[in-house]
Amino acid sequence: MTATIDTTATAILSGEQRDLLDALAKARFFLRFTARELTDDQARTRSTASELTIGGLIKHVTHVEQNWATFIVEGPESMQSNDKDFTDWTEEDYAEFADSFRLTETETLAGALAAYEEVAARTDALLRELPSLDAIQQLPKAPWFTDTEWSARRVFVHIVAETTQHSGHADIIRESIDGSKSMG
């Protein structure tokens, strides 16, 4: 696998759009690469003190990317859980969020990877078609936000950061499973 973007499809894009597409492609590549040749059981394996697993991380990053891409278009209402503000979440709401980090027994690694590809394709299409990266949306109220609004640009940078951070987690988990490394 190599991290590439289709340069013919991006020839009319700004340099910033091409850079973001390239950064997204590379970050996604390294996350997917950690899952190479794993069984579903290995993808569910907790190999460190953390509860994180490779399959769970792929599922989580898919969920996060999809939510943030929807946020760019629909705004903060798209990120509310059951029409509740994040500050009003219950234990049940937090448990549901925690499930986004788990590949369940009924889910497969292949299914998680396929869902990730679909979401990535939609995000890339949004990035290519968005009239301006300066478009601003108000952030929903949540204890983890210190800003009040983000531009589409900031959202795409966040998706890259989230993906690369979890790629690093996945690399450590993979090395603990069977010694394989993504780099080095």
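This is a predicted model, so every value here is computed, not measured.

How each quantity is defined
Residues numbered from 1 in each chain as written. Predicted model: local features only at pLDDT ≥ 70, side-chain atom pairs only at ≥ 80, totals over all residues. Heavy atoms only, no water. Core = buried A, V, L, I, M, F, W, Y, C linked by side-chain atoms within 4.5 Å. Buried < 20%, exposed > 50% of the residue type's maximum accessible area, 1.4 Å probe, protein only. Helix = DSSP H or I, 4+ residues; strand = E, 2+ residues; numbered from the N terminus. Contact = heavy atoms within 4.5 Å. Axes fitted to C-alpha atoms, helices over the stretch in contact; angles between N-to-C directions. Parallel < 35°, antiparallel > 145°, perpendicular 65-115°, else oblique. Left-handed = near helix turned anticlockwise from the far one by under 90°. Nonpolar A, V, L, I, M, F, W, Y, C, P; charged D, E, K, R; others polar. Salt bridge = Lys/Arg side-chain N within 4 Å of Asp/Glu carboxyl O. Polar contact = N/O pair within 3.5 Å; in protein donor to acceptor, adjacent residues only side chain to side chain. Expected span 1.5 Å × (residues − 1).

Counting 25 residues, the largest nonpolar core has Trp68, Ile72, Leu127, Leu130, Val155 and Phe156 as its most contacted members. Within the residue set of this core, elements represented by two or more residues are α1 (15–33), α3 (54–74), α5 (109–129) and α6 (152–178). Residues in contact with Trp68, not counting those within four places in the same chain, are Met79, Leu139, Phe145, Trp150, Val155, His158 and Ile159. Residues Leu52, Ile58, Leu103 and Leu109 belong to the second largest nonpolar core, which totals 16 residues.

Orientation of α1 relative to α6, taken along the N-to-C sense of each, is 20°, at an axis distance of 8 Å. As judged from the angle between their axes, α1 and α6 are roughly parallel. Seen from above, α1 lies across α6 with left-handed handedness. Note on element contacts: α6 touches α1 through Arg153, Phe156, Val157, Ile159, Val160, Thr163, Thr164, His166, Ser167 and Ala170, opposite Glu16, Leu20, Ala23, Leu24, Ala27, Arg28, Phe30 and Leu31. Looking at the contact of α1 with α6 residue by residue, the classes come out as 11 nonpolar, 4 polar and 3 charged.

On to the packing of α1 against α5, then. Remark: α1 packs on α5, axes separated minimally by 10 Å, with the N-to-C direction vectors making an angle of 170°. Classified by the interaxial angle, the pair formed by α1 and α5 is roughly antiparallel. Along its contact with α1, which presents Gln17, Leu20, Leu21, Leu24, Arg28, Leu31 and Arg32, the element α5 presents Leu113, Tyr116, Glu117, Ala120, Thr123, Asp124, Leu127 and Arg128. Taken together, the residues of the contact of α1 with α5 break down into 8 nonpolar, 2 polar and 5 charged.

Take unusual backbone geometry next. Trans peptide bonds make up the majority, and among non-glycine residues the majority have a negative phi. The phi angle at Glu37 is positive, at roughly 60°, despite the residue not being glycine. Mapped onto the secondary structure, Glu37 falls in the loop between α1 and α2 (40–43). A relative accessible area of 77% means that Glu37 is categorised as exposed.

Applying the stated criterion across every chain yields a total of 13 salt bridges. The salt bridge partner of Glu107 is Lys59, with a shortest N-O separation of 3.0 Å. One end of the pair, Glu107, is in the loop between α4 (91–99) and α5; the other, Lys59, is in helix α3, with 48 residues separating them in the sequence. Residue Glu107 is classed as partly exposed on the basis of its relative accessible area, which comes to 25%. Here Arg174 makes a salt bridge to Asp178, at a shortest N to O gap of 3.0 Å.

Moving on, we get to the environment of Leu38. As for its position among the elements, Leu38 is in the loop between α1 and α2. Among residues more than four places away in sequence, those in contact with Leu38 are Ala43, Ile54, Leu109 and Arg174.

Moving on to the side chain of Asp171. Tracing the chain through its elements places Asp171 in helix α6. Within the structure, the side chain of Asp171 is placed 2.7 Å from the backbone nitrogen of Ser182, a separation counted as a polar contact.

All right, on to α6 then. In this model α6 runs 39 Å from its N-terminal to its C-terminal C-alpha over 27 residues, within 8% of the 39 Å that 1.5 Å per residue would give. Immediately downstream of α6, the backbone of Gly179 shows phi near 85°, a positive value.

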